[in-house]
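# Residue-level structural notes
What follows is each chain in one-letter form.
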Amino acid sequence: MSGGMNAQDAGAVPPDDAPAGLAGLPTRWRAGGTGAHGSVLMLHSLGLDRLAFDPLRAVLDRGWRAASFDQYGHGAASMHVRFTLDDCVDAARAAIEALGPGPVHLVGHSMGGAIAALAASRAGARVASLALIASPPAGGAAYRDRGEQARRQGVEAQVAGTMARWFGPEPGPAAAAGMDYARAALRSMQAEGLACSWDALAAFPGYAGLRDALPRVLCMAAADDLSTPPEAMARIVRDCRPGAAELRELAGGGHMAPLARPADVAALLQAFWRRTSS
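Now for a look at the structure at hand. (Residues numbered from 1 in each chain as written. Predicted model: local features only at pLDDT ≥ 70, side-chain atom pairs only at ≥ 80, totals over all residues. Heavy atoms only, no water.)

### Observations concerning the packing of aromatic side chains
Within this structure, the stated rule accounts for four aromatic pairs. On the numbers, 6.0 Å between centres and 5 degrees between planes, the contact of Tyr143 with Trp198 is stacked. In this pair, Tyr143 sits in helix α4 (residues 141–153) while Trp198 sits in helix α7 (residues 191–202), placing the two residues 55 residues apart along the sequence. Assessed through its relative accessible area of 5%, Trp198 is described here as buried. (Phe/Tyr/Trp six-rings, centres within 6.5 Å; stacked < 30°, edge-to-face > 60°. Helix = DSSP H or I, 4+ residues; strand = E, 2+ residues; numbered from the N terminus. Buried < 20%, exposed > 50% of the residue type's maximum accessible area, 1.4 Å probe, protein only.)

What follows is the structure in structure tokens.
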């Protein structure tokens, strides 16, 4: 893709928002911060896009260079609708390399956590830490069923139910902006892209087989998350090496804590990054 950033350009400083080519995926890349403290790659939830982390980026210390990109089937990559979980992981690993030679802190939200975990397990010392926000402990048939529904009925058939899982039955006026963004991002997907995303999440094997290849892990769950409550993420902690993972609970934010509670998420992340950078 002419003019874009490619994975082979390791060490290049990504622009704030520009086209990118990552392991064969033409997409868009968004980043902010100087990198004085280190680099962070943030992988968005199923149904969102690179902009999902803008509220979080706005409250992070500017010393962190925090990057995100539109994953397969989402945002600027919404036309790429046939892909697998491994394709998503390959794009994430290319993004890690594009951030330069130093270790990168990975953050994955929901489905992005599954992709981040697999990328971390395959990237070795290139990953300094792994933070999982509202991310399931494994895939399974329920996600594959949602993929089949998307193929049969289209994206719109899933919008109301997905928004209810993400924000709860009574989210309140403070959640309006985040809900408007999330609804529009979800509706911008193509049915096959949404279906392949559910299939990719369904294929995630979980953490027991990754435990020896993962860095330090922070799990973050909101008490009111209807999709991935704290007890679900506690399973991830149990599946990791003893003492290698920790769980922190947010008082609220539902499944969309990076949108709904960015300051709380940022405080936990930055404390974790400081500990794992030393």
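### A closer look at the pattern of salt bridges
Here the structure, examined in full by the defined rule, presents 19 salt bridges. Across the pair Arg57 and Asp54 runs a salt bridge, and its minimum N-O distance is 3.0 Å. With Arg57 and Asp54 both in helix α1 (residues 54–59) and three residues apart, this pair spans about one turn of that helix. You can call Arg57 buried: its relative accessible area is 13%. A residue is classified by how much of its surface remains accessible, and Asp54, at 25% relative accessible area, is partly exposed. Note that Glu246 and Arg216 form a salt bridge whose closest N and O atoms lie 2.9 Å from each other. Taken together, the positions of Glu246 in strand β9 (residues 245–250) and Arg216 in strand β8 (residues 216–222) put the pair 30 residues apart, joining distant regions of the chain. When its relative accessible area of 11% is taken as the criterion, Glu246 is described as buried. Overlapping salt bridges bring together Asp17, Arg28, Arg30, Arg50, Asp54, Arg57 and Asp70 as one network. (Salt bridge = Lys/Arg side-chain N within 4 Å of Asp/Glu carboxyl O.)

### Quick notes on the environment of Tyr181
Residue placement: Tyr181 occurs in helix α6 (residues 176–187). In this structure the C-alpha to C-alpha distance between Tyr181 and Gly113, which are 68 residues apart in sequence, comes to 21 Å. Ignoring sequence-local partners within four residues, the contact set of Tyr181 consists of Leu48, Asp49, Leu51, Ala52 and Leu259. (Contact = heavy atoms within 4.5 Å.)

### Considering the state of the cysteines
In total, this model carries zero disulfides according to the counting rule given. The cysteine Cys88 is free of any disulfide, with Cys196 supplying the nearest cysteine sulfur at 8.9 Å. On the basis of relative accessible area, Cys88 is assigned to the buried category, the value being 2%. (Disulfide = S-S within 2.5 Å.)

### Digging into unusual backbone geometry
Notably, Ala23 is not glycine yet its phi reads approximately 50 degrees, a positive angle. Here Ala23 shows up in the loop between β2 (17–22) and β3 (25–32).

### Concerning the pairing of strand β4 (residues 38–43)
When you tally the buried positions in β4, you get six out of six residues, the bulk of the element. Along β4, one buried face is formed by Gly38, Val40 and Met42 and the opposite face, lined by Ser39, Leu41 and Leu43, is buried too. Bridge analysis of β4 against strand β5 (residues 64–69) gives five bridges, and the strand direction is parallel. Counted as the bridge partner of Leu41 is Ala67 from β5. Read from β4 through α1 to β5, the crossover connection turns out right-handed. Both β4 and strand β6 (residues 104–109) contribute to a ladder of five bridges, which runs parallel. Within β6, the residue paired with Leu41 across the bridge is Leu106. (Pairing = 2+ DSSP bridges. Right-handed = clockwise from strand over helix to strand, strands pointing away.)

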